[in-house]
Amino acid sequence: MPDETLRARLDAATKQLEAPLAVVDLAAFDRNADDLVRRAAGRPIRVASKSVRCRFLVERVLRRDGFEGVMAYSLPEALWLAGEWAGTDLDEVDLLVAYPTVDHTALRQLAADDHARGLVTIMVDSVAHLDLVDAALGSGHPEIRVCLELDVSWRPLAGREFAHIGTRRSPVFTPAQAESLAKVIRKRPGFRLVGLMGYEGQIAGLGDRPEGKPVMGAVLRWMQDRSSRELTGRRAAAVRRIGDLEFVNGGGTGSIETTGFDDSVTEVAAGSGLVGPTLFDNYRRFAPDPAVLFALPVVRKPRRRTATLFSGGYIASGPAGKDRLPTPYLPAGLSLVGTEGAGEVQTPVTGSAARDLWVGDRVWLRHTKAGELAERFTEYHVLEGDRITRAVPTYRGEARCFG
């Protein structure tokens, strides 16, 4: 249950600001960062920028002990960050691009920038990715750092592909396939294999304690336990067969502990745990504080137990469903209207707390997925104690959109 004193603090701190607006509670953000470090138990955490999308916050966490490197979600983003940090204390932060790129322009920019080329690693999972880089840069291009992505989903029926639980990413599943592609990369002029990466979405992205669904929770825990055991052996075998890597990246906010069972993993990735969106409310092992909230103003009062808010259709990506909608948070006791949900220009909320709302009041909400809220706001207002101390731009606010 949310603390109603937080609502009073938020309303007082932002009373001179116009809503819709978004706030980052810096103390909550820092507590979440500390908890991620605790859970990582000594392994460095690579910050998943997709889940933050605010340079001020990414930079803040990179300056804390326990965090090393960025997992960017596009090559243009990685090049931008490398350029912004050149000549600063973050000048040597390495940047792993989490998804393969087919951006010829960005690849040419990478090849032409000696500084960025020493920091940025692109993702590959097939010879086709190497071919594309060669096509973009021509023969004899400078050496490009690459990371091989291993499919770390679970295939419970003897590894057969038709029984697939997890995200559909890399075609490289077995240690033998990983070894084969690694050999091709190492023989190919203009490429340097430096890392192995795998994101176990079936563990990291699925809460193992879904509210009101104990049977589903038990099934999820059963699946995740067996998936983790299988993956620990398979990934370690792939690392042994590949040999000589700078890093092996694994995990996500939801799987830090289970990823830690695998001694071959040298670092974990996390980002959503810094922000604490609703997607991470249903885990047994951790409970991040809601560090980023957004406020919508009440613009109509159609009936006693209903208030209509301006805007709010900030729907999260993933399989369409109610769990991708924003959640009314403060005051407690509000819910969305099932026939309307969250709309582009209006979002009605209903419940006992709506009786005390009137035109001009604010309702504070939480988003489902961490970084996507930054696509809706150009700035976050920074709450420190009881005051808003500054406004910091999101990627949108810096006129950056990376997909």
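Going by the structure above, here's the rest.
Residues numbered from 1 in each chain as written. Predicted model: local features only at pLDDT ≥ 70, side-chain atom pairs only at ≥ 80, totals over all residues. Heavy atoms only, no water.

Visitor: Explain the sheet that holds strand 8 (residues 247-250) here, please?
Guide: Sheet strands associate in pairs through backbone hydrogen bonding, adopting either a parallel or an antiparallel arrangement. The 8 strands are arranged 2-3-4-5-6-7-8-9 in a closed barrel whose pairing can be described as parallel. The sheet shows a mean angle of 30° between the axes of neighbouring strands, direction not considered. Where strand 2 (residues 45-48) and strand 9 (residues 267-270) come together, 3 bridges link them in parallel fashion. The residue of strand 9 that forms the bridge with Arg46 is Ala269. Strands strand 5 (120-124), strand 6 (144-149) and strand 7 (191-198) of the sheet are contacted by helix 8 (residues 175-187), whose axis makes an angle of about 170° with strand 6. (Pairing = 2+ DSSP bridges. Helix = DSSP H or I, 4+ residues; strand = E, 2+ residues; numbered from the N terminus. Axes fitted to C-alpha atoms, helices over the stretch in contact; angles between N-to-C directions. Contact = heavy atoms within 4.5 Å.)

Visitor: Looking at this structure, I do not really get the pattern of salt bridges. What am I missing?
Guide: When their charged atoms lie close together, side chains carrying opposite charge are able to pair. In total, this model carries 35 salt bridges according to the counting rule given. In this structure, Glu179 engages Arg241 in a salt bridge whose closest nitrogen and oxygen atoms are separated by 2.8 Å. Of this pair, Glu179 sits in helix 8 while Arg241 is found in helix 10 (residues 214-242), placing the two residues 62 residues apart along the sequence. Residue Asp323 pairs with Arg324 through a salt bridge whose shortest N-O separation is 3.7 Å. Under the relative-accessibility criterion, Asp323 is labelled partly exposed at 49%. Connected via shared salt-bridge partners are Asp30, Asp34, Arg60 and Arg64. (Salt bridge = Lys/Arg side-chain N within 4 Å of Asp/Glu carboxyl O. Buried < 20%, exposed > 50% of the residue type's maximum accessible area, 1.4 Å probe, protein only.)

Visitor: I tried to follow the pairing of strand 8 on my own but got confused; where do I start?
Guide: For a regular strand, side-chain orientation follows a simple rule: the groups alternate between the two sheet faces. Side-chain alternation along strand 8 places Phe247 and Asn249 on one buried face and Val248 and Gly250 on a second face that is also buried. Sheet topology note: the strand 7/strand 8 ladder contains 4 bridges and is parallel. Residue pairing for strand 8: Met197 is matched across the bridge by Asn249. Bridge analysis of strand 8 against strand 9 gives 2 bridges, and the strand direction is parallel. Pairing of Gly250 across the sheet is with Val268, part of strand 9.

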